[in-house]
Amino acid sequence: MGFWTEYKIERWIERETREISLPDGSTRSCTAFRLVWEQADSLVLLNGFSYAELAGYADEEARLQNLGFDEAFSGIVAWLDGRRRERWGI
């Protein structure tokens, strides 16, 4: 566990919009907290997910839960990151 400064925490809760790939090869804009993007980048780099896979899961979750895509994407990333942390014991 690390020590986080107020500046780092404030940066995490800033919103950022990125273009992400979808499973069909198209792209779409997605807005999320920077913390979510850090978690998503980590899932892609360390766990072998692609942004298209994450977007596919988010699209399905949005339909099932009647959510907006951005909210569903953040939820999927948080859930997958939590599962990874459980496996790693952190």
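Residues numbered from 1 in each chain as written. Predicted model: local features only at pLDDT ≥ 70, side-chain atom pairs only at ≥ 80, totals over all residues. Heavy atoms only, no water.

Engineer: How should I be thinking about the overall build of the protein in this particular structure?
Structural biologist: A count of helices and strands for the protein gives four helices and two strands. When its helices and strands are written in sequence order, the protein yields α-β-β-α-α-α. Whereas a compact globule of 90 residues would reach a radius of gyration of roughly 12 Å, the protein reaches 13 Å, a difference of no more than 12%. Principal-axis analysis of the C-alpha atoms places the extent of the protein at approximately 40 × 30 × 25 Å. Sorting the 90 residues of the protein into buried and exposed places 29% on the buried side. Long-range contacts, defined as pairs at least 24 residues apart, comprise 40% of the intrachain contacts of the protein with a sequence gap of at least 6. In the form shown here, the protein has an accessible surface area of approximately 6100 Å², with 53% of it arising from carbon and sulfur atoms. The distance from the centre of the 11 positive side-chain charges to the centre of the 16 negative ones in the protein is 4 Å. (Helix = DSSP H or I, 4+ residues; strand = E, 2+ residues; numbered from the N terminus. Rg over C-alpha atoms; globule rule 2.2 N^0.38 Å. Buried < 20%, exposed > 50% of the residue type's maximum accessible area, 1.4 Å probe, protein only. Contact = heavy atoms within 4.5 Å. Areas by Shrake-Rupley, 256 points an atom, 1.4 Å probe, with all protein chains shown as cover. Lys, Arg positive; Asp, Glu negative; His and termini not counted. Charge placed at Lys NZ, Arg CZ, Asp CG, Glu CD.)

Engineer: Is there a simple way to explain the pairing of strand S2 (residues 27–33) in this structure?
Structural biologist: On a regular strand, each side chain points to the face opposite its neighbour's, so the side chains alternate between the two faces of the sheet. Sheet topology note: the strand S1 (residues 15–21)/S2 ladder contains seven bridges and is antiparallel. Each residue of the ladder has a partner; that of serine 21, found in S2, is threonine 27. The turn linking S1 back onto S2 is made up of five residues, and glycine 25 within it adopts a positive phi angle of 95°. (Pairing = 2+ DSSP bridges.)

Engineer: Where do I start with the side chain of glutamine 39 in this structure?
Structural biologist: Along the chain, glutamine 39 falls in helix H2 (residues 34–47). Residues in contact with glutamine 39, not counting those within four places in the same chain, are Val77, Ala78, Asp81 and Arg84.

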